[in-house]
Amino acid sequence: MNIKLLNKELGEVLSDVTVVFLKKDELEECEHADILQKAGFKAEQDTTCFLYEKATLFCGVDSKKSDDIRSAASCMMKMLKSSNYKSAKISVISKSTITALVEGVVLGGYEFNEYKSEPKKAALEEISLAVNDFSFDDIETIFNEALIVAHATNFTRDVVNRAPQEINPQTLAHVAQTLAYDNSLLCNILQEDDLAKENMGAMLAVGRASVHGSALIHLAYKPANPKKVITLVGKGLTYDSGGLSLKAPTSMVTMKMDKAGACAVLGIIKAVSELKLDIEIHAFIGAVENMVGGNAYKPDDVLVSRSKTTIEVRNTDAEGRLVLADVLDYAQDKVKADYIFDFATLTGACMIALGQYTTGLMGHSHKLKHDISRAGSDAGEMISSLPFNRHLKKLLKSEIADISNTASKPYGGAITAGMFLDKFIRDENKNKWMHFDIAGTAYTETPWDCNVYGATGAGVRLMCEFLRDIK
Ligand code: BES
Ligand code: ZN
Ligand code: ZN
């Protein structure tokens, strides 16, 4: 499916269908008010009415603001894809909603059909956005940038959605290598013998029962005169069975998504390199599979992490934080960054705290939290801060090691997981670091906003927005 921007009046564009976004208070003045009224269309947000004889699709919106347009454009895509029309046209309402329109079309129109032997093929081939404006060049720039970010989000979705027998730590490293080749990024992969030389006892323990060797993937985008240096760290659990603290069968289904942090980081570096931002990006991924077996790591094991901090394992299902502990430590040695952001499907508790639609944001700097929250709302990704506190921190105390990998009480589990990671952030980096728990937002089994079944690409739009505005 192709999407194009035309410097034309809507009437001049040739298309099978015209799409109209309509607010309730515009219904009465609408040319087809009578028919719409008879059809029972009330222009409510995310409702649609197809007047086939008029070749017009009406999409209800509460407002003409980005969040509503993005969602309505996703509904529009669902309708158009279920029809036999080949092309549709829409008038661009304002410069500020062009990004949302592109996202609705590209993200809302996304489908993952890799494993269907006979995928349904939609007739829809082209969406034209018509804009007759003196500032067309500016609008075209916004359009092209929005396309880059939306396609990077779908790239992230594609990798997350692939089945765990296909994406394991080694094949995830190949995906990263291919991306590095295509986008001229630097790429370094550390295999298990390298990880052993680096004393990554925590990360290695998690992957020990897997037949696939763990890997630490490091990609870098280095423009000539970077304004800032950013480190991104991603949790890349290509499968999380829970290990010996085995997950219940129903909780295990969807755990291919435990690599979503890693895939988000890949999508972000892809977008930033295509946007050609003047920012140096380092992406570090801990690619590991958490399995069971005779050599599996165990509850009661004490692991020595790369930073020499010893960790008592009380639950092998709290594995992401063990992998991240070593990757964060390695990343801090390798790169002196202005900001360090980690993305991880870290805790079910985050979903309990915030729901499925909001990413949990943790860290020390109030200013950074504020700036990131703002980028989130501009990008249309919901984020909320989960505050650290000294009482919860005490729950991570271990009687026999420096720290326990699980808190002694379950309440506030997303925060205690964040505070576990904090133990591996060096003092000079405390205010540069933010942790994003995307356990709720990275994957969905019911469509919402511009998300369809499966991976959402959470984190990509938000980070691109933040990085674009960085001073
Ligand atoms: N990958 C899971 C977290 C998760 C759960 C992500 C549901 C997405 C959906 C993580 O490794 C995990 O299992 N965490 C445990 C931690 C607990 C053992 C302290 C959890 O959330 O139950
Ligand atoms: Zn787990
Ligand atoms: Zn996990």
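Model, not experiment: these values are computed from the prediction.

S.K.: Help me understand the side chain of Asp326, please; the structure alone is not making it clear to me.
M.R.: Assignment of secondary structure puts Asp326 in helix α10 (residues 320-334). At 6.6 Å, Arg306 is the nearest oppositely charged side chain to Asp326, a buried residue that forms no salt bridge. Side-chain polar atoms of Asp326 contact the backbone nitrogen of Met203, separated by 2.9 Å. Beyond its immediate sequence surroundings of up to four residues, Asp326 is in contact with Met200, Gly201, Ala202, Met203, Ser305 and Arg306.

S.K.: What's the story with the coordination of the zinc ion (ligand 3) in this structure? I'm lost.
M.R.: Working reference: metal with six octahedral donors, ideal angles 90 or 180 degrees; metal with four tetrahedral donors, ideal angle 109.5 degrees. Coordination of the zinc ion (ligand 3) by the protein involves Lys235 (NZ), Asp240 (OD), Asp258 (OD) and Glu319 (OE), with metal-donor separations of 1.9 to 2.4 Å. Metal-centred angles of 77 to 173° between the six donor atoms at the zinc ion (ligand 3) mark the site as octahedral. The motif formed by the donor residues of the zinc ion (ligand 3), counted along the single chain, is K-x4-D-x17-D-x60-E. Between the zinc ion (ligand 3) and the zinc ion (ligand 2), a separation of 3.2 Å is found, and both are coordinated by Asp240. Note that Asp240 is positioned in strand β9 (residues 228-240) and Glu319 in the loop between β12 (310-312) and α10, a separation of 79 residues in sequence. Each member of the pair Asp240 and Glu319 is classed as buried.

S.K.: Would you explain the packing of aromatic side chains in this entry?
M.R.: What characterises a pair of aromatic rings is the spacing of the ring centres plus the angle enclosed by the ring planes. A complete count under the given rule lists 13 aromatic pairs for this structure. Plain terms: the ring middles of Tyr339 and Phe341 are 5.7 Å apart, the flat faces sit at 10° to each other, and that makes the pair stacked. Measuring from centroid to centroid gives 6.0 Å for Phe341 and Phe436, while their planes differ by 80°, and the two rings are edge-to-face. You can see Phe341 sitting in strand β13 (residues 339-344) and its partner Phe436 sitting in strand β17 (residues 433-437), a full 95 residues away along the chain. Looking at Phe341, the relative accessible area reads 0%, which means it is buried.

S.K.: Whenever I open this one, the nonpolar core confuses me. Can you help?
M.R.: Nonpolar side chains tend toward joint burial in soluble globular proteins. Judged by nonpolar contacts, the single largest core of 60 residues is most densely connected at Leu172, Leu219, Phe341, Ile372, Phe436, Phe466 and Leu467. In terms of residue count, helix α9 (residues 260-275) provides more of this core than any other element does, eleven residues in total. Beyond its immediate sequence surroundings of up to four residues, Leu219 is in contact with Ala176, Leu179, Ala180, Leu185, Leu186, Cys187, Leu266, Ile269, Ile281, His282 and Ala283. Within the second largest apolar cluster, 48 residues are counted, among which are Met203, Val229, Val313 and Leu346.

S.K.: Any chance you could explain helix α2 (residues 66-81) here in plain terms?
M.R.: In an α-helix, one turn spans 3.6 residues, which is why side chains three or four residues apart end up on the same side. Across its 16 residues, α2 extends 22 Å between first and last C-alpha, which sits within 8% of the 22 Å expected from 1.5 Å per residue. Among all positions of α2, only Ile69, Arg70, Ser71, Ala72, Ala73, Ser74, Cys75, Met76, Met77 and Leu80 are buried.

S.K.: Looking at this structure, how should I read the layout of surface pockets?
M.R.: A probe matching the size of a water molecule, rolled over the atoms, marks out where space remains unfilled. Each pocket or cavity is described by its volume, and for the largest pocket that value is around 760 Å³. Lys247, Leu346, Thr347, Gly348 and Ala349 are, among the 33 residues lining the largest pocket, the residues nearest its centre. Those elements that place two or more of their residues in the lining of the largest pocket are β9, α10, α11 (348-354), α14 (413-422) and β18 (443-444). Split by residue class, the lining of the largest pocket holds eleven nonpolar, 13 polar and nine charged. Here the second largest pocket defines a volume of roughly 650 Å³. Along its surface, the second largest pocket is lined by 23 residues, and Lys81, Tyr110, Glu111, Phe112 and Asn113 are the ones closest to its centre. Here the lining of the second largest pocket gets three residues from one element, more than from any other, and that element is α2. Considered class by class, the residues forming the lining of the second largest pocket number ten nonpolar, five polar and eight charged. Each of domain 1 (2-109) and domain 2 (163-468) gives at least three residues to the lining of the second largest pocket.

Calculation rules
- Residues numbered from 1 in each chain as written.
- Chains lettered and ligands numbered in written order.
- Predicted model: local features only at pLDDT ≥ 70, side-chain atom pairs only at ≥ 80, totals over all residues.
- Heavy atoms only, no water.
- Helix = DSSP H or I, 4+ residues; strand = E, 2+ residues; numbered from the N terminus.
- Buried < 20%, exposed > 50% of the residue type's maximum accessible area, 1.4 Å probe, protein only.
- Lys, Arg positive; Asp, Glu negative; His and termini not counted.
- Salt bridge = Lys/Arg side-chain N within 4 Å of Asp/Glu carboxyl O.
- Polar contact = N/O pair within 3.5 Å; in protein donor to acceptor, adjacent residues only side chain to side chain.
- Contact = heavy atoms within 4.5 Å.
- Donors = N, O, S within 2.8 Å, 3.2 Å for Na, K, Ca; no water.
- Tetrahedral: all angles 85-135°; square planar, octahedral: opposite > 155°, others 65-115°.
- Phe/Tyr/Trp six-rings, centres within 6.5 Å; stacked < 30°, edge-to-face > 60°.
- Core = buried A, V, L, I, M, F, W, Y, C linked by side-chain atoms within 4.5 Å.
- Expected span 1.5 Å × (residues − 1).
- 1 Å grid on protein atoms, 1.4 Å probe; cavity = no way out; pocket = protein on both sides within 12 Å on 5 of 7 lines; lining within 4 Å.
- Points joined across faces, edges and corners; volume = space filled by probe spheres on them.
- Nonpolar A, V, L, I, M, F, W, Y, C, P; charged D, E, K, R; others polar.
- Domains from an automatic or database assignment.

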